[in-house]
Amino acid sequence: SITVSGTVTRDVNAAGTNISIPGDVQGSARLAGSSVIVGGKIDGDLMAMATTLTVQSQASVARDVIAAASTATFAGPIGRNVRVGGSDITFSGPVAGDVTVSATTLKLADGAVIQGNLDYTSNQGVDRAGGTVAGSTHHYYPSNGPTFASRVIGWFQTLVGFLLLGLLLILVAPRFNDKAVSAY
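Everything numeric in this text was worked out from a predicted model, so none of it was measured.

A few words now on the overall build of the protein chain. Looking only at helices and strands, one finds two helices and 14 strands in the protein chain. For 184 residues, the compact-globule estimate of 2.2 N^0.38 gives 16 Å, and the protein chain exceeds it by more than 25% at 25 Å. Its C-alpha atoms put the protein chain at 80 × 35 × 25 Å along the principal axes. A total of 184 residues make up the protein chain; the buried ones form 32% of that total. Considering only contacts in the protein chain between residues 6 or more positions apart, those separated by 24 or more positions represent 0%. Here the protein chain holds 11 positive side-chain charges and 11 negative ones, and the gap between their average locations is 10 Å.

Below, the structure written as structure tokens:
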């Protein structure tokens, strides 16, 4: 377990099973762990990878948040933009910029105010349980990958491309082709 309880005047880089930052960070925080809890003020960016990420209500991030977590909760204010991917994502605090989410479920709980745009990719709609978005909201559905027809067309385009390239080589460099054939 890693706990940062005082004031750090520079960046924090930490990786461990459980990371807790109840203190203030005057730079950015880059964190990776099973459980990451931010309870203090971060003056820079927050970059986190965790199974469970929690930005508590008394915490704040002055700049951007980039995160990947199975479960992420953002209760404290975020000063700029948020980009997060995971399974269950919940906002219950203000975000001053845009929010981009790729998740199974997205919830805007009471107290969540997104000042910018909300772009999210999910098979489900956003649960607006009291949260608001000042900008526009765009819902995208996850791609299921290429279809059989697009694969066949791609294969055919590749085949035609190679045939045209072969014909071009035969026409442009006939002496090279003659030397290559006579060498065998």
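That was the structure; now back to the text.
As a further point, take the nonpolar core. Counting 40 residues, the largest nonpolar core has Leu31, Leu46, Phe74 and Phe91 as the members making the most contacts within it. Listing elements by their share of this core, those giving two or more residues are strand 2 (12–21), strand 3 (29–38), strand 5 (46–55), strand 7 (65–74), strand 8 (82–91), strand 10 (99–108) and strand 12 (118–121). For Phe91, the contacting residues outside a window of four places in its chain are Phe74, Val82, Val84, Val99, Val101, Leu106, Lys107, Leu108, Ala109 and Ala112.

Bringing the sheet that holds strand 2 into the picture now. In space, the nine strands of this open sheet follow the order 1-2-3-5-7-8-10-12-14, with parallel pairing throughout. The open sheet is flanked by strand 1 (2–3) and strand 14 (137–140), the only strands paired with a single partner. In the sheet, strand 3 pairs with strand 5 via nine bridges, with the strands oriented parallel. Pairing of Ala32 across the sheet is with Met49, part of strand 5.

Let us look at a nonpolar patch on the surface. A cluster of nonpolar side chains, Trp155, Phe156, Leu159, Val160, Leu163, Leu164, Leu167 and Ile170, forms an exposed patch at the surface whose accessible area comes to about 820 Å². Examined against the element boundaries, Leu159 turns out to sit in helix 1 (residues 148–172).

On inspection of all chains with the given rule, the structure shows four salt bridges. Here Arg80 and Asp64 are joined by a salt bridge, their closest N and O atoms 3.1 Å apart. Taken as a pair, Arg80 in the loop between strand 7 and strand 8 and Asp64 in the loop between strand 6 (60–61) and strand 7 lie far apart in primary sequence, 16 residues in all.

What follows deals with the sheet that holds strand 11 (residues 113–114). Judged by pairing direction, the sheet is parallel, and its three strands sit side by side in the order 9-11-13 without closing on themselves. Only two strands of the sheet have a single partner each, and these edge strands are strand 9 (94–95) and strand 13 (132–133). Across two bridges, strand 11 lies against strand 13 in parallel orientation. For Ile114, the partnering residue across the bridge sits in strand 13 and is Val133.

All right, on to the packing of aromatic side chains then. Per the counting criterion, the structure on display carries one aromatic pair. Here the aromatic rings of Phe74 and Phe91 are separated by 4.9 Å at their centres, their planes lie at 20°, and the arrangement is stacked. Residue Phe74 is found in strand 7, and its partner Phe91 is found in strand 8; the two are separated by 17 residues along the sequence. Taking relative accessible area as the criterion, Phe74 reaches 1% and is therefore assigned buried.

Below, the discussion takes up the side chain of Ser122. In this fold, Ser122 is placed in the loop between strand 12 and strand 13. For Ser122, a relative accessible area of 2% gives the class buried. Polar side-chain contacts of Ser122 include one of 3.0 Å to the backbone oxygen of Ala103. If we ignore the near neighbours within four places in the chain, the residues touching Ser122 are Ala103, Thr104, His139, Tyr140, Tyr141 and Pro142.

So, on to the side chain of Ser28. Along the polypeptide, Ser28 turns up in the loop between strand 2 and strand 3. When residues no more than four places from it in sequence are discounted, the contact partners of Ser28 are Asp11, Val12, Ile42, Gly44 and Asp45.

What counts and what doesn't
- Residues numbered from 1 in each chain as written.
- Predicted model: local features only at pLDDT ≥ 70, side-chain atom pairs only at ≥ 80, totals over all residues.
- Heavy atoms only, no water.
- Helix = DSSP H or I, 4+ residues; strand = E, 2+ residues; numbered from the N terminus.
- Rg over C-alpha atoms; globule rule 2.2 N^0.38 Å.
- Buried < 20%, exposed > 50% of the residue type's maximum accessible area, 1.4 Å probe, protein only.
- Contact = heavy atoms within 4.5 Å.
- Lys, Arg positive; Asp, Glu negative; His and termini not counted.
- Charge placed at Lys NZ, Arg CZ, Asp CG, Glu CD.
- Core = buried A, V, L, I, M, F, W, Y, C linked by side-chain atoms within 4.5 Å.
- Pairing = 2+ DSSP bridges.
- Patch = residues over 30% accessible without salt bridge, like charges linked within 9 Å, V, L, I, M, F, W, Y side chains within 5 Å.
- Areas by Shrake-Rupley, 256 points an atom, 1.4 Å probe, with all protein chains shown as cover.
- Salt bridge = Lys/Arg side-chain N within 4 Å of Asp/Glu carboxyl O.
- Phe/Tyr/Trp six-rings, centres within 6.5 Å; stacked < 30°, edge-to-face > 60°.
- Polar contact = N/O pair within 3.5 Å; in protein donor to acceptor, adjacent residues only side chain to side chain.

Any functional reading would require information that these geometric values do not contain.
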